[in-house]
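Listed below are the residues making up each chain.
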Amino acid sequence: MMQKKVTILGIPFDNLTRRDFLSELYQRMQNKQKTFLVTANPEIVMYARDHRSYHDLLLQADFIAPDGIGIVQASRRLGTPIKERVPGFELMMGLLELADQDQKRVYFIGAKEEIVSLAVDNVSKKWPGLKIAGYHHGYFNHEDPEMIETVRQTQPDIILVAFGFPLQENWIKAYLDEADYGIAVGVGGSFDVLSGRTKRAPRLVQKLHIEWLYRLLKQPSRYKRMSALPSFIRAVYRQLKDGSAG
Ligand code: UDP
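Residues numbered from 1 in each chain as written. Predicted model: local features only at pLDDT ≥ 70, side-chain atom pairs only at ≥ 80, totals over all residues. Heavy atoms only, no water.

### Points about the nonpolar core
Definition in use: Working definition of a nonpolar core: buried Ala, Val, Leu, Ile, Met, Phe, Trp, Tyr and Cys residues. They are joined through side-chain atoms within 4.5 Å. Each residue gets one of three labels from its accessible area relative to the maximum for its type: buried under 20%, exposed over 50%, partly exposed in between, using a 1.4 Å probe on protein chains only. Only heavy atoms enter the contact rule, under which two residues are in contact if any of them lie within 4.5 Å.
Formed by 44 residues in total, the largest nonpolar core has its most connected members in I8, F13, I109, I159, W171 and F232. Those residues within four positions of I159 in sequence are excluded, and the remaining contacts are Y107, I109, V151, W171, Y175, G182, I183, A184 and V185. With 34 residues, the next largest nonpolar core counts V106, V116, I183 and F191 among its residues.

Printed below as a string of structure tokens:
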């Protein structure tokens, strides 16, 4: 039997296809339900293991999507297979498409000023039906409550937050505590891709599920961050051996 939630090293993933994620998010958007969406990859899972407060924050999310093949493989190993990987970038594109169809309002916050403004230009060209509620770069004091108020007043249906983890999830929690409604999701480096300044990996590379390798080769500075993968795999095997919940 397919499980609704699959816990990997203490993180409860929603076992939904991309399509189901999007239809649930769409429902909540229509109902104006505040929604905290997290897309978690092995790096995030490992970070949450070492940081209690971030772990507790993730448990407050309404949805946790399995971002990447590493999570899917771990779920299979543990005997509780997840249906499919749900890349954060694709969920974001799906949300933008829904916003386009329904003239929803989207706020973009994060990345450098030039990057976010290029990203917004490209999004409005691609999805002319979507309303730009506003945008702001990501290099302000993230503790400043005024920024939350500024964004809230633009009444966005969707708030894309691109600070990288754990900053983006922390800000989203603070934002949603104040907001009336909105689907908020941390999208990491996605504005860099939307801006056209950083290219997503070629399709073949995406199909082979080796986007991480491609990024690593193009940007060796990511190596330190990616070193979470081997310890993630070790931790999964330990969970399997101990039968512990992580
Ligand atoms: N960033 C930001 N504010 C900060 C730190 C980072 O807006 O205080 C942005 C940065 O410009 C980049 C994104 O956050 O656009 C982080 O991207 P990264 O690729 O590191 O995130 P990942 O996708 O790996 O989570």
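That covers the picture; the talk isn't over yet.
### Here's the deal with a nonpolar patch on the surface
Let me state the cut-off plainly: Each patch is assembled from residues with relative accessible area greater than 30% and no salt bridge, linking like charges that lie within 9 Å and nonpolar side chains (Val, Leu, Ile, Met, Phe, Trp, Tyr) that lie within 5 Å. Note on areas: these come from Shrake-Rupley sampling with a 1.4 Å probe, and a residue is covered only by the protein chains present in the view. Here, a salt bridge means any Lys or Arg side-chain nitrogen found within 4 Å of an Asp or Glu carboxyl oxygen.
A cluster of nonpolar side chains, namely W212, L213 and L217, defines an oily patch on the protein surface of about 300 Å² accessible area. On the basis of relative accessibility, which here comes to 38%, the residue W212 falls in the partly exposed class.

### With respect to the sheet that holds strand β8 (residues 183-186)
Defined as follows: Only when DSSP finds a minimum of two bridges between them are two strands counted as paired. The way it works is that DSSP assigns letters per residue, a run of H or I at least four long becomes a helix, a run of E at least two long becomes a strand, and they are numbered from the N terminus. Axis lines are fitted to C-alpha atoms, over the contacting stretch for helices. Their N-to-C directions set the angle, which ranges from 0 to 180 degrees.
Spatial strand order, β4-β3-β8-β7-β5-β6: six strands in an open sheet with parallel pairing. Each of the sheet's edge strands pairs with one partner strand only, and the pair in question is β4 (63-66) and β6 (131-136). Going across the sheet, the axis of each strand differs from the next one's by a mean of 20°, ignoring polarity. Where strand β7 (residues 158-162) meets β8, four bridges bridge the pair, whose relative direction is parallel. Its bridge partner lying in β8, I159 is registered against A184.

### What about the packing of aromatic side chains?
Here is the rule we go by: Only the six-membered ring of Trp is used, alongside the rings of Phe and Tyr, when aromatic pairs are assigned; centres must lie within 6.5 Å, and planes under 30 degrees apart are stacked while those over 60 apart are edge-to-face, with the rest tilted.
All told, the structure shown has eight aromatic pairs when counted by the stated rule. Between Y47 and F165, the aromatic rings sit 5.5 Å apart at their centres with planes inclined by 75°, giving edge-to-face as the arrangement. In this pair, Y47 is assigned in helix α2 (residues 42-50) and F165 in the loop between β7 and α8 (167-178), connecting sequence segments 118 residues apart. Judged by centre distance (6.3 Å) and plane angle (35°), the ring pair of Y54 and F165 falls under tilted. Within this pair, whereas Y54 is found in helix α3 (residues 52-58), its partner F165 is found in the loop between β7 and α8, the two being separated by 111 residues in sequence. For the pair Y54 and F165, one class covers both residues: buried. Three or more aromatic residues joined by ring pairs form one cluster here, namely F140, F163, W171 and Y175.

### Looking at the environment of T198
Structurally, T198 is set in the loop between α9 (190-194) and α10 (203-207). For the pair T198 and I115, spaced 83 residues apart in the sequence, the C-alpha separation amounts to 9.9 Å. Once you skip the residues sitting within four places of it in the chain, T198 turns out to touch D192 and V193.

### A few points about unusual backbone geometry
Backbone torsion omega between F165 and P166 reads -5°, so that peptide bond is classified as cis. Secondary-structure assignment places P166 in the loop between β7 and α8. Of note, K32 is a non-glycine position whose phi angle comes to about 55°, a positive value. By the element assignment, K32 lies in the loop between α1 (18-30) and β3 (35-40). Since its relative accessible area comes to 43%, K32 is described here as partly exposed. You will see that A111, though not glycine, has its phi angle at about 65°, which is positive. Residue position: A111 is located in the loop between β5 (105-110) and α6 (113-126). Residue classification places A111 among the buried residues on the basis of a relative accessible area of 9%.

### Topic: the side chain of H55
Along the polypeptide, H55 turns up in helix α3. Residue H55 is classed as buried on the basis of its relative accessible area, which comes to 12%. Among all residues touching H55, those that are not within four sequence positions of it are G10, I11 and A48.

### Remarks on the pairing of strand β1 (residues 5-8)
Burial along β1 is one-sided: V6 and I8 are buried, and none of K5 and T7, which face the opposite way, are. Between the antiparallel neighbours β1 and strand β2 (residues 11-14) lie two residues, among them L9 with a positive phi of about 50°.

### Digging into helix α5 (residues 88-102)
Residues separated by three or four positions in an α-helix point in the same direction, a consequence of the helix having 3.6 residues per turn. To keep it simple, the criterion reads: Multiplying 1.5 Å by the residue count of a helix minus one yields the expected span of that helix.
For α5, spanning 15 residues, the distance from its first C-alpha to its last is 21 Å, which sits close to the expected 21 Å at 1.5 Å a residue. All of the buried residues in α5 are G88, F89, L91, M92, G94, L95, L96, L98 and A99.

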